[in-house]
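Chain and residue survey
Now for the letters of each chain:
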Amino acid sequence: MHSSLVRLQQVFGFLTTVSFILASIIALTSYTYPMNPTASIKINDVAVVKRRSGGYYSTRQNEYANVKFDLNADFESLYNWNTKQIFVWISATYGGDRYPTNEAVIWDKIIPAAAPSKKLTLKNIKAKYNIHDITGEYAHRNATLKLSWNVQPHVGVLMWGGVGESITKSFVFPSEKARNAV
Amino acid sequence: MLSALSAYQPRQLLAQVLNFGLILSTAFMMWKSLSLVTNSPSPIVVVLSGSMEPAFQRGDLLFLWNRGVDTQVGEIVVFNIQGKSIPIVHRALRKHVSRPSAKQSKSRAYPPLKLLTKGDNNAQDDVVLYTPGQHYIDREKEVIGSVKAYVPFVGYVTILLSEHPMVKTVVLGIMGLFVILQRE
Amino acid sequence: MEAIQDQFQAVVDGFIDFQGQKLAEQITTYTLTVSAIVGFLAGFVSQNIVYTLYICLAGTVLTFLAVVPPWPFYNQAPVRFLSSGSGGRNSGSGGGAVVGTIVVDGQEVKVKT
């Protein structure tokens with residue numbers, strides 16, 4: 001500590017150690033908060049349309065599925081001092097022949113910590129993403145919608161979760177151009 | 001500084017070189033061990049673009065884990081497009097698990113998994129970023145890990161250094177100035 | 001010109017005495033640790049991480065300002081060196097009291113303050 005340069009290095013070194021320990025403790029506090037968000041989904045409408053997939057490279061005709069739904073959710077319990085934002089999404093899972101497991105996000109939303117309300121009440125909204133299957137067609141497959149969330153901390157471990165089985169909703173993809181009210 | 005050079009002692013010099021080499025190789029060993037534990041070629045990455053804002057800003061440090069072979073939709077994955085060297089950090093939007101062929105189900109531990117990704121801050125999904133004609137990325141071949149933890153801002157130094165070589169010269173210049181002016 | 005150069009050199013070097021070094025190290029440890037603890041508690045209780053950030057940042061800046069430049073209060077107990085030339089064949093008047101004797105090059109030498 002005899003010269004300015006050495007003192008500068010020492011302070012910086014100790015600062016790094018302290019910052020590291022502080023960041024670890026802050027990250028650990030994230031685990032002490034119980035997480036129990038609630039949600040419910042109601043599917044209003046599923047439509048399948050055939051059209052050209054976007055872009056210049058492809059001339060393939062794909063089937064696109066549009067889903068309209070209601071959503072009620074409360075994420076208040078997920079927010080603590082270490083939460084930066086929450087990424088919420090609704091995905092549809094379905095099976096198939098060539099691809100036994102498929103899952104596609106049809107809607108997502110970011111709820112930052114500064115948002116005035118951590119509750120969502122959405123009525124009859126259209127899915128953000130019109131999904132198309134990798135095989136190009138849907139053909140009457142069973143699908144299930146489920147809501148999941150991802151907590152993004154200010155520092156620390158990212159946490160994922162899904163709201164329980166009881167709120168998943170099953171539906172059947174209708175054939176092209178047919179509308180199937182559930 | 002100049003007086004030190006005039007008292008040239010080969011053994012001391014060699015000892016210093018070895019010491020330096022020891023520090024370097026220890027750091028390298030720690031990095032590679034972390035690579036082994038996480039099964040990822042690059043277990044700690046710095047966010048380079050703003051495509052995942054507001055979640056990740058440029059300069060954030062991400063810790064990856066590559067042993068979760070059944071990547072779920074909604075996980076944030078880091079991947080390299082074949083042929084391009086810059087790693088991309090985006091969220092998995094869609095996943096399709098193919099039925100393994102008879103040969104594959106005997107040799108592989110997990111079936112092949114295709115993912116479609118999209119940055120939170122991007123309006124479109126990542127098909128424009130993939131190689132032309134590619135619509136999905138392969139979990140095994142192109143994904144180098146899934147983000148499990150993160151620390152903000154710490155990596156900004158590396159971005160500064162790589163994008164503004166001027167900063168490197170300025171810092172080295174100031175350090176050199178200090179060393180010369182010091183009366184040691 | 002020489003005086004200015006010397007002053008500049010003194011500031012850049014930043015040499016401080018041993019008591020000052022001990023003080024500097026204590027200030028570093030305590031200030032950084034206390035600002036980290038206070039910052040953590042402030043943020044945790046108010047559930048707002050911005051408080052933690054600001055308090056810790058303030059503590060860091062304070063520490064750097066208090067420790068790195070060679071402030072005068074670090075030089076309160078300068079090391080007293082023996083005056084040069086008070087040994088060997090030169091047994092002329094040194095002006096101070098004899099404190100003891102040490103052996104230099106096989107010869108006994110009186111030590112004067």
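Criteria and thresholds
- Sequence positions are assigned chain by chain, starting from 1 and proceeding in written order.
- Both sets of labels track the order of writing: A upward for chains, 1 upward for ligands.
- Side-chain atom pairs in this predicted model are given and counted only at pLDDT of 80 or more, local residue features only at pLDDT of at least 70, and totals for whole chains, interfaces and linings cover all residues.
- Helix and strand definitions here come from DSSP, where helices need a minimum of 4 consecutive H or I residues and strands a minimum of 2 consecutive E residues; each element is numbered from the N-terminal end.
- By the criterion used throughout, residues are in contact when their C-beta atoms, derived from the backbone, lie within 7 Å.
- To obtain each axis, a line is fitted to C-alpha atoms, and for helices this fit is confined to the stretch in contact; angles are then taken between N-to-C directions over 0 to 180 degrees.
- Each angle receives one of four descriptions, namely roughly parallel if under 35 degrees, roughly antiparallel if over 145, roughly perpendicular if within 65 to 115, and oblique otherwise.
- Here a crossing is called left-handed whenever its near helix is offset anticlockwise from the far helix by less than a right angle, and right-handed whenever the offset is clockwise.
- Three categories are distinguished: nonpolar for Ala, Val, Leu, Ile, Met, Phe, Trp, Tyr, Cys and Pro, charged for Asp, Glu, Lys and Arg, and polar for the others, with Gly belonging to the last.
- UniProt positions are given in the numbering used here, feature names are shortened, and annotations may be inferred rather than shown by experiment.
- By definition, two strands form a pair when at least two bridges between them are found by DSSP.

Re the overall build of chain C
Secondary structure assignment for chain C yields 3 helices and 2 strands. Along chain C, from the amino end to the carboxyl end, the secondary structure elements read α-α-α-β-β. Relative to all contacts within chain C whose residues are 6 or more apart in sequence, the contacts with residues 24 or more apart total 44%.

Focus: the packing of helix 1 (residues 4-29) of chain A against helix 3 (residues 49-67) of chain C
Remark: helix 1 of chain A packs on helix 3 of chain C, axes separated minimally by 10 Å, with the N-to-C direction vectors making an angle of 160°. Classified by the angle their axes make, helix 1 of chain A and helix 3 of chain C are roughly antiparallel. Crossing hand, helix 1 of chain A versus helix 3 of chain C: right-handed. Judged by residue contacts, Arg7, Val11 and Leu15 of chain A of helix 1 of chain A engage Thr60, Thr63, Phe64 and Val67 of chain C from helix 3 of chain C. Residue classes in the contact of helix 1 of chain A with helix 3 of chain C are distributed as 4 nonpolar, 2 polar and 1 charged.

Quick notes on the UniProt feature "transmembrane region" (unreviewed entry) in chain C
As annotated in UniProt, the feature "transmembrane region" (unreviewed entry) corresponds to residues 27-45 and 51-74 of chain C in the numbering used here. Along residues 51-74 of chain C one finds 71% helix and 0% strand; the C-alpha atoms at either end are 32 Å apart.

Side note on the interface of chain B and chain A
Across the boundary between the two partners, chain B contributes 24 residues, which contact 29 residues of chain A. Of all the secondary structure elements, the ones that give two or more residues to the side of chain B that touches chain A are strand 4 (88-97) and strand 7 (143-151) of chain B. Here the residues of the side of chain B that touches chain A sort into 13 nonpolar, 5 polar and 6 charged. The sheet contact formed by strand 4 (residues 101-112) of chain A and strand 4 of chain B spans 4 bridges and is antiparallel. Bridge assignment links asparagine 102 of chain A to a residue of strand 4 of chain B, and that residue is histidine 96 of chain B.

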